[in-house]
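# Per-entry structural report
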Amino acid sequence: MPGKGRAEGRGRRKLTPGRSRVVVAALTPLALALAAAAPAVVAPAAAAAAEPQQPVIHVTSVDVPVPSAAAGANTTAVTSCPAGSVLVSGGMWGSKIDATDPIPPINGLRAKGSFPSDANGISSTDGAQNPEHWAAVGNFGGQTEDGDKITSFAVCAEGANLDHRVVAVTAVPGPVRAGLAYATAACPDGTVVVGGSAYTPPPQSPSLKALGSFPSDAQGNPLPDGAINPRYWTAMGLINGQSDGTAQTIAWAICAEPGETEIRVARTDGLGPQEGSGYAILTASCPTDLTLLGGGEGVQRGVTAGPPAAGTHLRGNYPSDAVGDPVVNGTTNPSSWSAIIAAGGGAGTGDQVASAYALCADFDHDSSVSLTPSTTSPLFGRPVELTATVSPVVPGAGTPTGSVTFFDGTIPVATVPLTMGTATLRTTNLQPGAREITARYSGGPTFKPSATPTPATITVGFSQPCITTVHKGAITVTAEQSLCLGAGGRQQGAITVQPGGALAVTGAEIAGTVSINQAAAFSLCQTSVNGAITVQGSTGLVLIGSDYLPCTGSTVKGTLTVNTNTGGLSVSGTTISGPLTVKNNSGDGPDPADPVPAVTANTIGGGLSCTGNIPTVRERGNTVNGVRSGQCR
């Protein structure tokens, strides 16, 4: 399993073979450029596909056989990216050509390293722009056999805004005698590491190898799991003999301006092989919401075993599945990065810490939300349109998809899907007074959530000043009128609301009947009514107390009948001396999470009858002294 040593002898998944040429070169001194004879390059065919909605990672690979007759020579494999994608990292793997063979390669097959290169396998130099190929080098370190190969992997990003890349390269001498050497490449200011690699050019001693290649700090210390936007990449070279003095350890970092992209390090620690000639596989996986760009590996000092030494070497460092099997040529969007650490014939690695690293990208773009009301001073019960526009912060990033939730203060009003980046809510449900309206974007496949930076203030008013004193005589609210009774208002006489009218009563007293017929909206909050109330056929929200919106319940000395209202209904916290009849009502209630007529926490002196309400009544907490019937039974 990932992060644990795996017993030697497991068969490996077969890679799709490609065209290739073998390069066998003598072990002459090398500097930054690989001076081996040039191999042919396999360039996979261009992928014909529409521009993806999300960035896509492509992996290409090439296999090159390692001839056993050339012990100590190096073999190079080079691959490149599909058309429409750019190189961000790469890896390598030394294995058997026949992946069905359960016998692993001999201990002498070694991954010398890999690096960004040109088409001939010549390594990229410091400051090189936009590398296009990836080279992998391997050889036999003393023991040779037929049927082994070196595989080069190129990791390529399509649609990821990573097309301005620069290569940072650092080389250090050695190690020239038994021990370790570290080289750390630094990305230029304003850039981050999106991939990296290590290579130890072969001197006369074949025991020189690249054992570590990992994201680090400026001092070369490996980064912990969860580190953000690394800027450095460190290579670790190991030799267990003595070289001719030309040995080098070289680190490459592929750097890019991050823009909105955040790079996170995923790291898995475990133990290396515990026996001589054995190996262990370490695997680091990206979180499900992030995209793998590259990775690395390393071996660190153990408490008792000390630093890596002797024959410990790298067998592979590559994109993989979650259990450590290399991905095949043409894979898209792998999620893991694995490393194979092998031990020499003498002993295992003991308690030395072996690690696998994955570089994981968050490609989601920042977004912004603007909110535009059709009016900032609507009348109560009259419609207002709220239009939220969601835009990418960086132009050209595409059109956000998802949904927007509109809020009245902290209270959600409705959730509306985006169409071409906009969401429009038409509502008559805003209550009287100054409403602080905001909009929050849910986020989408390639965009981060966002919200309006400040509320839009909408003041819901009335056709004329509220009644806040004693009023004698009947009141009739005609079509298109919006009237109110406020605190201190004392109505002595009947109230009638005609079709299309709207009435809001808060903190008042009414001595007389209240008859509401096909109203645009009606609210009754914290009011004493000495008379019967009938509300029927209203097209807007009917609010007679609420357990969700700020509308305290009232007292009704008489019957309360609410029938065939279609704009949502709430009867809550109200004391009713007579019966309550709730019949044939529909529409969303004030709580979007409970889109049903609501009858809650009332004290009812008569019976409670609920019939024909769609889908049903949200009924709870009521004290009923009479008979319950229908949906409220």
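Residues numbered from 1 in each chain as written. Predicted model: local features only at pLDDT ≥ 70, side-chain atom pairs only at ≥ 80, totals over all residues. Heavy atoms only, no water.

## Some thoughts on the side chain of D148
- The topology assignment puts D148 in strand 6 (residues 148-158).
- Relative accessible area serves as the criterion here: at 0%, D148 is assigned to the buried category.
- Those residues within four positions of D148 in sequence are excluded, and the remaining contacts are P65, V66, S95, K96, I97, P105, I106, L109 and F140. (Helix = DSSP H or I, 4+ residues; strand = E, 2+ residues; numbered from the N terminus. Buried < 20%, exposed > 50% of the residue type's maximum accessible area, 1.4 Å probe, protein only. Contact = heavy atoms within 4.5 Å.)

## Side note on the pairing of strand 9 (residues 192-199)
- Among the eight residues of strand 9, eight are classified as buried, and the element is accordingly described as predominantly covered.
- Two strands pair when backbone bridges link them, and strand 9 and strand 12 (residues 248-256) are joined in this way by seven bridges, in the antiparallel orientation. Counterpart to S197 in the pairing with strand 12 is W252. (Pairing = 2+ DSSP bridges.)

## Concerning the nonpolar core
- Core analysis: the largest hydrophobic core is formed by 65 residues, its most contacted members being V88, L162, V194, A253, I263, L293 and A358.
- Element by element, the count of residues in this core is highest for strand 18 (residues 353-362), at seven residues.
- Ignoring any residue separated from it by four or fewer positions in sequence, one finds V88 in contact with V155, C156, A157, L162, R165, V194, G195, I254 and L293.
- V477, L503, I533 and C610 belong to the second largest nonpolar core, which has 35 residues in total. (Core = buried A, V, L, I, M, F, W, Y, C linked by side-chain atoms within 4.5 Å.)

## Description of the sheet that holds strand 19 (residues 367-373)
- The strand order 19-20-23 describes an open sheet built from three strands, whose pairing is antiparallel. Each edge of the sheet is formed by a strand with only one pairing partner; in this case those strands are strand 19 and strand 23 (422-427). Across the sheet, the axes of successive neighbouring strands diverge by a mean angle of 15 degrees, strand direction being ignored. (Axes fitted to C-alpha atoms, helices over the stretch in contact; angles between N-to-C directions.)

## Some details on the layout of surface pockets
- The space that makes up the largest pocket amounts to roughly 690 Å³.
- As for the largest pocket, its lining consists of 34 residues, of which G159, A160, N161, H365 and A397 are closest to the centre.
- For the lining of the largest pocket, the per-class residue count stands at 14 nonpolar, 15 polar and five charged. (1 Å grid on protein atoms, 1.4 Å probe; cavity = no way out; pocket = protein on both sides within 12 Å on 5 of 7 lines; lining within 4 Å. Points joined across faces, edges and corners; volume = space filled by probe spheres on them. Nonpolar A, V, L, I, M, F, W, Y, C, P; charged D, E, K, R; others polar.)

## Some thoughts on the packing of aromatic side chains
- Under the defined criterion, the tally for this structure stands at six aromatic pairs.
- One aromatic cluster is present, formed by W93, F153 and Y318 through successive ring pairs.
- The ring of F407 is capped by R440, whose NZ or CZ atom sits 4.0 Å from the centre of that ring. (Phe/Tyr/Trp six-rings, centres within 6.5 Å; stacked < 30°, edge-to-face > 60°. Lys NZ or Arg CZ within 6 Å of the ring centre and 35° of its normal.)

## Let's talk about the environment of R315
- Here R315 lies in strand 16 (residues 313-320).
- Judged by relative accessible area, R315 falls into the buried class, the value being 5%.
- Spatially, the C-alpha atom of R315 lies 7.5 Å from that of A339, the residues being 24 residues apart in sequence.
- Other than its neighbours up to four places away in sequence, R315 contacts W93, G94, P105, I106, N107, L109, A111, I340 and A342.

## Digging into unusual backbone geometry
- With an omega of 5 degrees, the peptide bond between G174 and P175 qualifies as cis.
- Between I614 and the following residue, P615, the backbone shows a cis peptide bond with an omega angle of -5 degrees.
- Along the chain, P615 falls in the loop between strand 46 (608-611) and strand 47 (618-620).
- Look at Q518: it is not a glycine, yet its phi comes out positive at around 55 degrees.
- Looking at the element boundaries, Q518 is found in the loop between strand 34 (514-517) and strand 35 (521-525).
- The residue Q526 is not glycine, and still its phi comes out positive at about 50 degrees.
- Relative to the assigned elements, Q526 resides in the loop between strand 35 and strand 36 (528-530).

## Observations concerning the state of the cysteines
- By the definition in use, this model includes six disulfides.
- One disulfide bridge connects C81 with C156, the sulfur atoms lying 2.1 Å from each other. With the S-S dihedral at roughly -85 degrees, the linkage between C81 and C156 falls on the left-handed side. With C81 in the loop between strand 2 (74-80) and strand 3 (86-96) and C156 in strand 6, this residue pair connects regions lying 75 residues apart in the sequence. Each of the two residues, C81 as well as C156, counts as buried.
- A sulfur-sulfur distance of 1.9 Å marks the disulfide that ties C610 to C632. Residues C610 and C632 are joined by a disulfide whose S-S torsion is about -85 degrees; by sign, that bridge is left-handed. With a gap of 22 residues between them, C610 in strand 46 and C632 in the segment after strand 49 (628-630) connect regions that are remote in the sequence.
- Since its relative accessible area comes to 0%, C610 is described here as buried.
- Sequence-ordered numbering of the disulfide-bonded cysteines in the chain gives the connectivity 1-2, 3-4, 5-6, 7-8, 9-10, 11-12. (Disulfide = S-S within 2.5 Å.)

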